[in-house]
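What the coordinates show
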Amino acid sequence: MRIHSHLLRPKTRFNMKKLEDNISFKISGVMKLTITFATCLVLSMVLLVLPSHNIFNDHKSHLTTTEELLATGFDEESCMSRYHQSSLRKPSPYKPSTNLVSKLRSYEMLHKRCGPGTKAYERATKQLGKNNVINSSGDDCQYVVWAPMFGLGNRILSMVSVFTYALMTDRVMLVDQRNDITDLFCEPFPGTSCLLPSDFPLTNQIDSFNRTHSHCYGTMLKNHAVNSTTRPSYLYIDIFHDSRDHDKRFFCEENQAFIKNVPWLVVKSNLYYAPSLWLIPSFQTKLMKLFPERDTVFHHLSHYLLHPTNEVWGMVTRSYNAYLSRADEVLGLQIRVFSTPSGYFQHVMDQILSCTQREKLLPELASNGSQQVMNITKTPKLKAVLVTSLHPEYSDELKNMFMERPSSTGEIVEVYQPSGERVQQTDKKVHDQKALAEIYLLSLTDKLVTSTRSTFGYVAQGLGGLKPWILYEPRHQKAPDPPCVRAMSMEPCSLKALVSACQAETIKTTPFVKYCEDRITGIKLVDEL
């Protein structure tokens, strides 16, 4: 029987409404309970299927190597490369140790306390204006000043080495800014500056520091001018490929015991001398804790220290997006010709082809008799080849080869060279900015071929975490056989081993310091085998 609500009395209608509300509430409650139970069941199943660390692990597990190393407090817009490298770079398999991250945070606090503009810095610089020989009572802040020398690659390698030394000795690293360093890199430390102020008391003398200077440590040793009762207010440290035996004693334990009491060091170098620091016993103990993977020193410290300015980073991103981003694989070719005169040589071109094709880095060309018909239903793989060289003829030759004939694998090979200026022009702003942009582009490649003893290539491989194929140096204008060798590690080679007599035994018992693949006079760090 159908009941019409308008025929019921008011009280009856109220009771019916209340009954309907109760029924609706109970149905709604059952539905909510059912939905809640189903949701919990699904989540439980997900938790059982997925590894627990994927659900509960700290967000830091998703950070890039650079992000893990960096402190907070930077203005992102002022230095885009600091945070945006991860958008172009594949995740690094090499993660910094917690000890390294902690050490960098401690260093930043030290730099804030002792850096330019602080009372501690003012007190330390006043010592330089006094008598050059002071008492041996300790000072709370000590410094190492890095002076850039030689080309861009040499400068980057030596700066990372100086910073490694600063970490080992709790010194503040300051950078001589009279060259173009501020046009290339952002400030690396938060809330302070690494730049040596222009009114630093020794600024006008730095250019004259050489082995004849009275404060050159090697010369002082040679002249027996070092004693344990007094210390100079500063020392000049000379670390070059042709350093004298007295200069190399900087890397001896007993000499470091004296140097640690000197408040100011000024260092000039053209080498990556971090491997020699590992041969100082007290340093080695510290370094092993910071770098459990021995061959990651340059990789981690360069990611922490070196951040291209927005102007340079713009060059990097524009080139990458225009020429490299669409490729399935990117091969980097860094070609440096050391002969005089330099230029294009057929034997060098033959060597490049021999290496890249023998190692399956580039496909061979299809034979003249075969006609490859492209499968239009399947998109061919695109391989981009990034060439960096002072001479554009090498990339032109590669470009013409793959334009005139198809590859034997069906791959499309596109060749790109950002610049070819023929002559190295160190200290010219635009030239150095282009060079730095090209180093970073090389570091973004999937595979890399470099030229022997090229510091340009060393920086790129270290930044990219890449073990390159190294082209041997040609002899008598003939392509060497074999044409290249695979690097043992991504670490740069210290082209001339700065091994003092005090380290002769240490190097024999240090398995992670080996002689370079392509330079028997050099040493490099490798991961323990």
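Before any of the text, the structure's been laid out above.
Now for a quick tour of the structure. (Residues numbered from 1 in each chain as written. Predicted model: local features only at pLDDT ≥ 70, side-chain atom pairs only at ≥ 80, totals over all residues. Heavy atoms only, no water.)

Digging into the overall build of the chain
Let me state the cut-off plainly: Note on conventions: DSSP H or I runs of at least 4 residues are helices, E runs of at least 2 residues are strands, and numbering of each starts at the N terminus. Exposure categories follow from relative accessible area, calculated using a 1.4 Å probe and restricted to protein chains: below 20% of the type maximum is buried, above 50% is exposed, and the middle band is partly exposed. A contact between two residues is defined here by any heavy atoms of the two lying within 4.5 Å.
When its secondary structure is counted, the chain shows 21 helices and 14 strands. Residue burial in the chain is summarised as follows: out of 529 residues, 50% are buried. Pairs at least 24 apart in sequence give 75% of the contacts found in the chain among residues at least 6 apart.

A word on the side chain of Ser-319
Among the structural elements, Ser-319 can be located in helix α16 (residues 310-324). Note on Ser-319: relative accessible area 12%, which makes it buried. Among all residues touching Ser-319, those that are not within four sequence positions of it are Leu-324, Tyr-416 and Leu-441.

Some thoughts on helix α14 (residues 281-290)
Counted only if it meets this: What the arc describes is the spread of directions from the helix axis to the C-beta atoms.
What α14 keeps buried is the set Phe-283, Gln-284, Leu-287 and Leu-290. Down the axis, α14 shows its buried residues gathered within 125° of arc, on one side only. Looking at the buried residues of α14, the elements they touch are α5 (98-114), α7 (152-169), α12 (253-259), α13 (274-277) and α21 (504-508).

A word on the nonpolar core
Filter applied, for reference: Here, nonpolar core means buried Ala, Val, Leu, Ile, Met, Phe, Trp, Tyr and Cys residues that are tied together by side-chain atoms lying within 4.5 Å of each other.
Formed by 117 residues in total, the largest nonpolar core has its most connected members in Tyr-143, Ile-156, Phe-163, Met-173, Leu-235, Trp-264 and Leu-305. If one sorts the elements of this core by residue count, α7 sits on top with 11 residues. If near-sequence neighbours (up to four positions away) are discounted, Trp-264 is found in contact with Tyr-121, Ala-124, Thr-125, Leu-128, Tyr-143, Val-145, Arg-171, Leu-174, Phe-200, Ser-233, Tyr-234 and Leu-235. Counting residues in hydrophobic clusters, the runner-up holds 24 residues, among them Leu-331, Leu-398, Met-401 and Val-415.

Digging into the pattern of salt bridges
Note that side chains of opposite charge can pair when their charged atoms are close. Threshold: The working definition used for a salt bridge is a side-chain nitrogen of Lys or Arg within 4 Å of a carboxyl oxygen of Asp or Glu.
The full count for this structure, using the stated rule, is 21 salt bridges. In this structure, Asp-481 engages Arg-358 in a salt bridge whose closest nitrogen and oxygen atoms are separated by 3.3 Å. With Asp-481 in the loop between β11 (469-471) and β12 (484-486) and Arg-358 in helix α17 (residues 346-358), the pair connects residues that are 123 residues apart, well separated along the chain. With a shortest N-O distance of 3.5 Å, Glu-505 and Lys-508 are connected by a salt bridge. You can see Glu-505 and its partner Lys-508 sitting in helix α21, three residues apart, about one turn around the helix. The pair Glu-505 / Lys-508 is uniform in exposure class, with both members exposed. Connected via shared salt-bridge partners are Glu-329, Lys-383, Glu-411 and Lys-447.

Some thoughts on helix α15 (residues 297-305)
When you tally the buried positions in α15, you get nine out of nine residues, the bulk of the element. Buried residues of α15: Val-297, Phe-298, His-299, His-300, Leu-301, Ser-302, His-303, Tyr-304 and Leu-305, and no others.

Remarks on the state of the cysteines
The cut-off we apply is this: Disulfide assignment relies on a single distance test, namely cysteine sulfur atoms paired within 2.5 Å.
Here the structure, examined in full by the defined rule, presents five disulfides. Each sulfur in the disulfide pair Cys-252 and Cys-502 lies 2.0 Å from the other. Where Cys-252 bonds to Cys-502 through sulfur, the torsion about that S-S bond is close to -95°, and the disulfide is left-handed. Taken together, the residues span a long stretch of sequence, with Cys-252 in the loop between α11 (245-248) and α12 and Cys-502 in the loop between β12 and α21 at a distance of 250 residues. Of the residues examined, Cys-502 reaches a relative accessible area of 37% and is grouped as partly exposed. The disulfide partner of Cys-493 is Cys-516, and the gap between their sulfur atoms is 2.0 Å. Measuring the twist about the S-S bond at about 100°, one finds the Cys-493-Cys-516 disulfide to be right-handed. Of the two residues, Cys-493 is situated in the loop between β12 and α21 and Cys-516 in the loop between β13 (513-515) and β14 (523-525); the sequence distance between them amounts to 23 residues. Overall, Cys-493 belongs to the buried group, its relative accessible area being 4%. Each bonded cysteine of the chain is numbered by sequence order, and under that numbering the disulfide pairs are 1-4, 2-3, 5-9, 6-7, 8-10.

Function cannot be read off these values alone, since they describe shape.
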